[in-house]
Each structure stands twice: as C-alpha cells, then as structure tokens.
Amino acid sequence: MFIIQKDAYTGIYFFKLKQNDDVDDKKCIFYLYVFISATSAFAADPVKLSTLVSDSKGLQILSGTVDETCAICVKQQMKNVFESDSNAEQGQYLRRLMKSSIYRTVNSSGSFRVLVTKELPGRRWLEILTEADCRVDIMTSPAIQTVASIRSALGSTCSGAIWQLTEEWGGELFTALKSAGGKVYSNYAVGFDNIDVDAATRLGIPVGNTPGVLTETTAEMAVALTFAAARRTGEAERYLRSGRYQGWLPTLFLGELLQGKTVGIIGAGRIGDAYARMMVAGHRMNLVYHDIHRKTSLEDYVSAYAGFLKQQGMPAVTCQRADRVEDLLEKADVVSIHTILDASTRHLINSHTLPLMKPDAVLVNTSRGPVIDESALVEHCRQHSGFRAGLD
C-alpha cells in the first residue's frame with residue numbers, strides 16, 4: 001500500500017510506501033512509475049488504484065490511494081535504477097515502460113533526435129523541428145533536472161538539446177552530448193550563466209540563446225514588481241484573503257507614491273532601457289542610471305520628454321549617469337537591477353550597499369537572483385519596516 005500527497009503550498013507531489021511494506025527500492029520506484037502513468041502525471045486527485053499491472057517477473061502493483069496524508073519527496077532516479085537492474089530482460093521491459101512516461105514524443109520517425117527539458121509554449125517551434133526531420137522528445141517532469149538525470153536522458157543518440165536556465169551545463173554534460181552525436185545546444189533563455197561556454201567551445205558544440213525576445217516582457221514585469229512593492233498590493237491581498245479586513249482605514253497599506261520621484265537603473269541594456277522609459281514617461285520619474293557605457297539614446301529620450309513636459313506647463317524630468325553604484329543607491333527612491341551575473345556583480349547588493357539606500361526605498365530585481373545577497377536583504381527588511389523588495 002502506498003500514499004501520495006500533494007503539497008498545497010508548492011504543488012509538489014510526495015510518495016511513500018506505508019510502514020511495514022517489505023519492498024526493495026526498485027519495486028518501490030516501479031510502483032511510483034505505474035502510479036504516474038495511470039494518473040497521467042497526477043491529473044486526478046484523489047485517485048484510487050487496484051491491481052494495475054502484474055508483469056511476468058513478479059512485480060505486482062497492489063493498491064493505493066491519493067489522499068492528503070504523507071511523506072517522502074518523489075525522486076528523479078527512476079531511470080538510473082531501471083537501467084542498473086541485474087536482470088537484463090526485466091530491465092529492458094522497465095526501460096520501455098519508463099520511456100513512454102518521461103517523454104512526450106513529437107514526430108517519432110524523425111531522423112535527428114532533439115531532447116527538450118520542458119514543455120514550451122506554442123506550436124511553431126515544433127513545426128520547425130518537424131520540418132527539419134527531427135524527432136522531439138519533451139521531458140514531462142516539472143522538476144529541475146540533475147546532471148545524472150540529464151546524462152541518462154541524453155542516452156546514446158541525441159543530435160541536439162534545448163534546455164532551461166535552471167539546469168547547469170558544464171563539461172560533463174557537453175561531453176555526454178558530444179558522445180551521443182550532439183551537434184548543438186540551445187538555452188531557452190536570454191541569459192546563459194548556467195552554461196560553461198568554454199567547455200562547449202572546446203568540444204565544438206555551438207551554444208544558442210534567445211536575446212531580444214523578452215525585452216518589453218521583462219521590463220513590464222519589473223514595472224509590475226515595482227508597483228506591487230511600492231503600493232503593497234501583495235500584502236493587502238494576503239491581508240484580505242486571511243479574513244482580517246474589516247473596513248477601509250486612512251493608513252491601511254498606504255504604500256509610496258512614485259510620481260515625480262527618482263528611479264535608479266543598474267544596467268541600462270535593452271531591458272533596463274525599456275524599463276527606464278516606461279517609468280519616466282509613464283510616471284514622470286527622474287532617472288539616474290549606472291552602466292559601463294554612456295547611454296546617449298536614453299539620455300536624449302529623457303531630454304526630449306522633459307521638453308514636452310515643459311510645453312505642457314509641468315515640471316521637467318531629469319536624467320543623470322552615476323559613475324558608482326553607491327551614488328545611485330543613495331539618490332534613488334526605486335532601484336531596479338538589470339545587470340548580468342558574473343564575478344563583478346555577484347552579491348552587488350549586500351550588507352554594505354543596502355544601508356546606502358533610503359529607508360523607504362523599493363528594490364526590484366528581474367536579473368539574476370545572486371546579484372543580491374538574499375540573507376543581507378532579509379536582515380535589512382527586518383530592520384527597516386518601510387523598505388520593500390520585488391523579486392522575479
């Protein structure tokens with residue numbers, strides 16, 4: 001007898017056999033596999049099982065119930081366990097079953113196998129690969145893949161891989177891809193700090209990413225986080241849903257007015273530039289930015305908008321380039337980070353730089369998480385109740 005539980009907070013499913021069940025690890029994992037297959041990746045809840053399968057080697061599924069009781073996190077080692085089975089015939093049987101579950105295959109007759117780590121939106125990308133005579137194996141698990149699971153998924157034949165920013169690709173995986181006949185790797189992201197580009201270069205594997213496709217999208221997300229933090233909308237919603245709201249009060253989740261204040265941009269590349277223009281033109285905010293290069297087009301844009309405001313009889317906005325991040329932090333009411341992640345920017349915002357910011361400032365990060373020392377941020381928020389952060 002085994003139990004499945006869905007964690008209400010994370011949405012992750014957990015699995016364990018009930019106590020006193022004398023079952024070895026291989027059978028336990030096989031039971032879990034059959035459950036996943038039978039419920040179409042946990043599409044139904046609750047679900048009852050009874051004698052789902054009995055194979056010729058004696059692995060028999062007993063019965064199980066999905067309910068809200070239990071236990072141990074579903075692990076990703078199923079395929080490795082199956083492939084190490086000492087009984088070759090049974091191992092082949094399990095691998096065939098496993099393959100039908102962990103992949104969704106498109107164009108199974110294609111000559112070139114492309115492995116994709118997650119379901120991607122839309123259909124056009126699949127049409128392009130199909131037209132190029134590619135078989136596309138899309139991994140169905142929502143979990144972040146480990147190095148071991150990626151190596152196993154690549155197998156002995158794989159022409160190319162489309163992966164996510166959340167999975168690290170170094171020399172070991174690029175060697176495995178090369179050994180499987182891999183010709184190309186593509187990151188489904190603009191950033192590529194999860195990739196050892198030098199290792200890929202040594203092995204002659206081209207690496208692709210998707211620059212320019214998320215400029216306005218990410219900038220709009222930064223705007224949304226800015227106002228969610230400044231106007232305290234997330235806090236207010238949680239307060240309302242908890243049943244604590246009893247009526248309007250003049251000071252209840254008052255938040256901060258941003259109109260006419262100063263927005264600071266760390267990293268004025270495509271996304272930082274787009275965000276700055278949205279905040280300046282949309283909310284008449286003054287701009288201070290820090291970048292290794294002077295952004296004359298952005299400065300000209302703010303200058304032209306300032307001229308328009310003067311014609312309308314309104315105060316003009318200003319634009320200033322800060323030579324140091326520290327100068328920007330001291331001046332800005334909102335600080336939005338749009339820099340790359342490398343050795344020079346890791347923990348750029350830390351216990352030394354956070355105190356430079358205004359006590360009621362808003363910090364927004366839609367770049368890479370490690371640009372901020374999160375422990376330092378938590379401590380800073382605890383000490384400054386008016387400080388807000390919006391993190392993507």
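The rules behind each value
All chains use their own residue numbering, which begins from 1 and follows the written sequence. Restriction of local features to residues with pLDDT of at least 70 applies here, the model being predicted, together with a cutoff of 80 or more for giving and counting side-chain atom pairs; totals for whole chains, interfaces and linings are based on all residues. For the side-chain quantities, the full set of heavy atoms in the structure was used; hydrogens and water were omitted. Cavities and pockets were defined on a 1 Å grid built from protein atoms only: a cavity is a group of points that admits a 1.4 Å probe but offers it no way out, a pocket is an open group of points flanked by protein on both sides within 12 Å along at least five of seven lines, and a lining residue is one with an atom within 4 Å of any such point. Grid points are joined across faces, edges and corners, and a volume is the space filled by probe spheres set on the points. Strands are runs of DSSP state E lasting at least 2 residues, helices are runs of H or I lasting at least 4, and numbering of each runs from the N terminus. For this scheme, ten residues count as nonpolar: Ala, Val, Leu, Ile, Met, Phe, Trp, Tyr, Cys and Pro. Four count as charged, namely Asp, Glu, Lys and Arg, and the remainder, Gly too, count as polar. Any residue with relative accessible area above 30% and no salt bridge may belong to a patch, with like charges joined within 9 Å and the nonpolar Val, Leu, Ile, Met, Phe, Trp and Tyr side chains within 5 Å. In this description, accessible areas are obtained by the Shrake-Rupley approach with a 1.4 Å probe, and a residue is regarded as covered only by the protein chains that are shown. For this analysis, a salt bridge means a side-chain nitrogen from Lys or Arg found within 4 Å of a carboxyl oxygen belonging to Asp or Glu. Relative accessibility thresholds used throughout: buried, under 20% of the residue-type maximum; exposed, over 50%; partly exposed, between the two (1.4 Å probe, protein chains only). The charge count includes Lys and Arg as positive and Asp and Glu as negative, but it does not include His or the ends of the chains. For this analysis, a polar contact is any N or O atom pair within 3.5 Å, provided that within protein one partner can donate a hydrogen and the other can accept it, and provided that sequence-adjacent residues contribute only side-chain to side-chain pairs. Whether two residues touch is decided by their heavy atoms; if any such pair falls within 4.5 Å, the residues are in contact. The pLDDT score gives, residue by residue, the confidence of the prediction method on a 0 to 100 scale. Here an angle of 0 to 180 degrees is reported between the N-to-C directions of two axes, which are lines fitted to C-alpha atoms, with helices fitted over the stretch in contact. To sort the angles, those under 35 degrees are grouped as roughly parallel, those over 145 as roughly antiparallel, those from 65 to 115 as roughly perpendicular, and the leftovers as oblique. If you view the pair so one helix is near and one far, a crossing is left-handed when the near helix is turned anticlockwise from the far one by less than a right angle, and right-handed when it is turned clockwise. A pair of strands is treated as paired once DSSP finds two or more bridges between them. The handedness rule is simple: strands pointing away from the viewer, and a clockwise path from the first strand over the helix to the second, make the crossover right-handed. In this analysis, rings of Phe, Tyr and Trp, with Trp reduced to its six-membered ring, are considered paired at centre separations within 6.5 Å, and the interplanar angle assigns stacked below 30 degrees, edge-to-face beyond 60, and tilted for intermediate values.

Caption draft 1: Broad picture of the layout of surface pockets. The calculated volume of the largest pocket comes to roughly 1200 Å³. Together, 43 residues line the largest pocket, and Ile-271, His-338, Thr-339, Ile-340 and Ser-367 are the ones closest to its centre. When residues of the lining of the largest pocket are traced back to their parent elements, those giving at least two are α8 (215–230) and α10 (270–283). Each residue belonging to the lining of the largest pocket can be placed in one class, and the counts come to 18 nonpolar, 18 polar and seven charged.

Caption draft 2: Local environment of a nonpolar patch on the surface. Together, Leu-240, Tyr-245 and Trp-248 make up an exposed nonpolar region whose accessible area comes to about 410 Å². Checked against the element boundaries, Tyr-245 lands in the loop between α9 (233–241) and β11 (262–266).

Caption draft 3: Region of interest: the side chain of Asp-291. The topology assignment puts Asp-291 in the loop between β12 (286–290) and α11 (296–311). Despite its burial, Asp-291 pairs with no opposite charge, the nearest such side chain being Lys-295 at 4.1 Å. Reaching out from Asp-291, the side chain makes a polar contact with the backbone nitrogen of Ala-268 at a distance of 2.7 Å. When residues no more than four places from it in sequence are discounted, the contact partners of Asp-291 are Gly-267, Ala-268, Gly-269 and Arg-321.

Caption draft 4: Fine view of empty space enclosed by the protein. Taken as a whole, this structure holds one cavity of 30 Å³ or more when the rule is applied. In this model, the largest cavity occupies a volume close to 50 Å³. In terms of lining, the largest cavity is formed by Glu-256, Leu-257, Leu-258, Lys-261, Asp-333, Asp-360 and Val-362. Broken down by class, the residue content of the lining of the largest cavity amounts to three nonpolar, no polar and four charged.

Caption draft 5: The confidence of the model for the protein chain, seen in detail. Taken residue by residue, the protein chain gives an average pLDDT of 81. The fraction at 70 or more is 74%. Per-residue pLDDT stays below 50 along residues 6–17; that stretch engages in 39 contacts with residues further than four places along the chain or on separate chains.

Caption draft 6: View of the packing of α10 against α11. Put simply, α10 and α11 touch, their axes get as near as 11 Å, and they point 10° apart. Considering their axes alone, α10 and α11 lie roughly parallel with respect to each other. Residue-level contacts link Asp-273, Ala-276, Arg-277, Val-280 and Ala-281 of α10 to Ser-297, Leu-298, Tyr-301, Val-302 and Tyr-305 of α11. Grouping the constituent residues of the contact of α10 with α11 by class yields seven nonpolar, one polar and two charged.

Caption draft 7: View of the packing of α8 against α10. Here α8 crosses α10 at 50°, and the two axes come no closer than 8 Å. Considering their axes alone, α8 and α10 lie oblique with respect to each other. Note that α8 runs across α10; the crossing there is right-handed. When α8 is examined against α10, the residues Thr-215, Glu-216, Thr-218, Ala-219, Glu-220, Ala-222, Val-223, Thr-226 and Phe-227 are found in contact with a partner set consisting of Arg-270, Ile-271, Ala-274, Tyr-275, Met-278, Met-279 and His-283. Classifying every residue of the contact of α8 with α10 by side-chain character gives nine nonpolar, four polar and three charged.

Caption draft 8: Here's a closer look at the pairing of strand β9 (residues 184–187). Residues Tyr-185 and Asn-187 line the buried face of β9, whereas the alternating positions Val-184 and Ser-186 sit on a face that is not buried. Relative to β9, strand β8 (residues 160–163) runs parallel, the two sharing four bridges. Note on β9: the bridge partner recorded for Gly-160 is Val-184. For the segment spanning β8, helix α6 (residues 171–179) and β9, crossover handedness is right-handed. As defined by bridge partners, β9 adjoins strand β10 (residues 207–208) across two bridges and the pair is classed as parallel. In the strand pairing of β10, Ser-186 is matched with Gly-208. The parallel pair β9 and β10, bridged by helix α7 (residues 197–202), forms a crossover whose chirality is right-handed.

Caption draft 9: Broad picture of the sheet that holds strand β14 (residues 334–337). The six strands are arranged β13-β12-β11-β14-β15-β16 in an open sheet whose pairing can be described as parallel. Each edge of the open sheet is held by one strand with a lone partner, namely β13 (319–321) and β16 (388–391). Taking the axes of each pair of neighbouring strands and ignoring which way they run, one obtains an average angle of 15° across the sheet. Strand direction decides the pairing type here: strand β15 (residues 362–365) and β16, joined by four bridges, are parallel. Its bridge partner being in β16, Asn-365 is matched across the sheet by Leu-391. The strands that α8 touches are β14, β15 and β16; relative to β15, the one it contacts most, it runs at about 150°.

Caption draft 10: Inspection of the sheet that holds strand β6 (residues 112–116) at higher detail. Taken in spatial order, the six strands line up as β5-β7-β6-β8-β9-β10 in an open sheet, and their pairing is mixed. Pairing within the sheet leaves two strands with one partner each, and these edge strands are β5 (103–106) and β10. Packed on one face of the sheet, helix α5 (residues 147–154) meets β5, β6, β7 (134–139) and β8 and runs near 160° to β6.

Caption draft 11: Structural context of the packing of aromatic side chains. Scanning the model with the defined rule gives six aromatic pairs in all. Arranged with centres 4.7 Å apart and planes meeting at 50°, the rings of Trp-169 and Tyr-185 form a pair that is tilted. One end of the pair, Trp-169, is in the loop between β8 and α6; the other, Tyr-185, is in strand β9, and 16 residues separate them in sequence. Here the two residues Trp-169 and Tyr-185 agree in accessibility, since each one is buried.

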